[in-house]
Amino acid sequence: VKCNQGNAMTRLLIGKYKKACVITEEELQMAKDVLRRKFTIGLMSKMEESVERFDRRFGWYDNEKRQQCFDSHIKVGDNKNPHKEVKEGSEAWKLLTEMNSVDIRLYEYAVKLFELQKDQNRIRGITQQA
């Protein structure tokens, strides 16, 4: 039996590196719980907002070079790496989707968690100002 060793992020979060091939629903839930409890979520698709969130969370505003780094690396994107695009529906796309189906579900949860954390941060800010 050939083992699909995709779903690297889920495997990392639950510590299932070279164990059984299949990741169960219970294990996916465990990975989601780890994300919810231990991580401040950032998204590449919302990079500026994510970095601002990290700044608030980790106190990076105090760094004297913070604005320079933000402007060059985040706004301009001089730290980007080009990647060959995989077209949706192509054989490569189908294979990657199949191999990483659990990670895709974990990512979809992370997107929801990103919004939830935004709401929680907004509530914390209001509470701290009162």
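What counts, and at which threshold
- Residues numbered from 1 in each chain as written.
- Predicted model: local features only at pLDDT ≥ 70, side-chain atom pairs only at ≥ 80, totals over all residues.
- Heavy atoms only, no water.
- Axes fitted to C-alpha atoms, helices over the stretch in contact; angles between N-to-C directions.
- Helix = DSSP H or I, 4+ residues; strand = E, 2+ residues; numbered from the N terminus.
- Parallel < 35°, antiparallel > 145°, perpendicular 65-115°, else oblique.
- Left-handed = near helix turned anticlockwise from the far one by under 90°.
- Contact = heavy atoms within 4.5 Å.
- Polar contact = N/O pair within 3.5 Å; in protein donor to acceptor, adjacent residues only side chain to side chain.
- Core = buried A, V, L, I, M, F, W, Y, C linked by side-chain atoms within 4.5 Å.
- Buried < 20%, exposed > 50% of the residue type's maximum accessible area, 1.4 Å probe, protein only.
- Patch = residues over 30% accessible without salt bridge, like charges linked within 9 Å, V, L, I, M, F, W, Y side chains within 5 Å.
- Areas by Shrake-Rupley, 256 points an atom, 1.4 Å probe, with all protein chains shown as cover.
- Salt bridge = Lys/Arg side-chain N within 4 Å of Asp/Glu carboxyl O.
- Phe/Tyr/Trp six-rings, centres within 6.5 Å; stacked < 30°, edge-to-face > 60°.
- Lys NZ or Arg CZ within 6 Å of the ring centre and 35° of its normal.

1. Digging into the packing of helix H3 (residues 47-58) against helix H4 (residues 66-75)
Thinking step 1. Axis separation between H3 and H4 bottoms out at 11 Å; the angle between their running directions is 150°. Considering their axes alone, H3 and H4 lie roughly antiparallel with respect to each other. Here the hand of the crossing between H3 and H4 comes out right-handed. Only Arg66, Phe70, Ile74 and Lys75 of H4 make contact with H3, whose side of the interface consists of Met47, Glu48, Val51, Glu52 and Asp55.

2. A short note on the side chain of Glu27
Thinking step 1. Relative to the helices and strands, Glu27 is located in helix H2 (residues 25-38).
Thinking step 2. At 2.8 Å, the side chain of Glu27 and the backbone nitrogen of Thr24 are in polar contact.

3. A few points about the nonpolar core
Thinking step 1. Core analysis: the biggest nonpolar cluster contains 15 residues, and Leu13, Ala31, Leu35, Ile41, Leu106 and Leu113 have the highest contact counts within it.
Thinking step 2. Elements supplying a minimum of two residues to this core: helix H1 (8-14), H2 and helix H6 (101-129).
Thinking step 3. No other element matches the six residues that H6 contributes to this core.
Thinking step 4. Those residues in contact with Leu35, other than ones at most four positions away along the chain, are Leu13, Ile41, Leu106, Tyr109, Ala110 and Leu113.

4. Things to note about a nonpolar patch on the surface
Thinking step 1. On the surface, a cluster of nonpolar side chains totalling about 320 Å² of accessible area is made up of Met9, Leu12 and Tyr17.
Thinking step 2. Structurally, Leu12 can be placed in helix H1.
Thinking step 3. What makes Leu12 partly exposed here is its relative accessible area of 49%.

5. A few points about the packing of aromatic side chains
Thinking step 1. Applying the stated criterion across every chain, the model contains one aromatic pair.
Thinking step 2. With 6.4 Å between their ring centres and 40° between their planes, Phe54 and Phe58 make a pair best called tilted. Within this pair, Phe54 and its partner Phe58 are both found in helix H3, separated by four residues, close to a single helical turn.
Thinking step 3. Stacked on the ring of Phe114, the Lys or Arg Arg53 has its end atom at 3.9 Å from the ring centre.

6. Regarding unusual backbone geometry
Thinking step 1. A positive phi angle, close to 60°, is found at Asn7, a residue other than glycine.
Thinking step 2. Residue position: Asn7 is located in the segment before H1.

Purely geometric stuff here, so don't read any function into it on its own.
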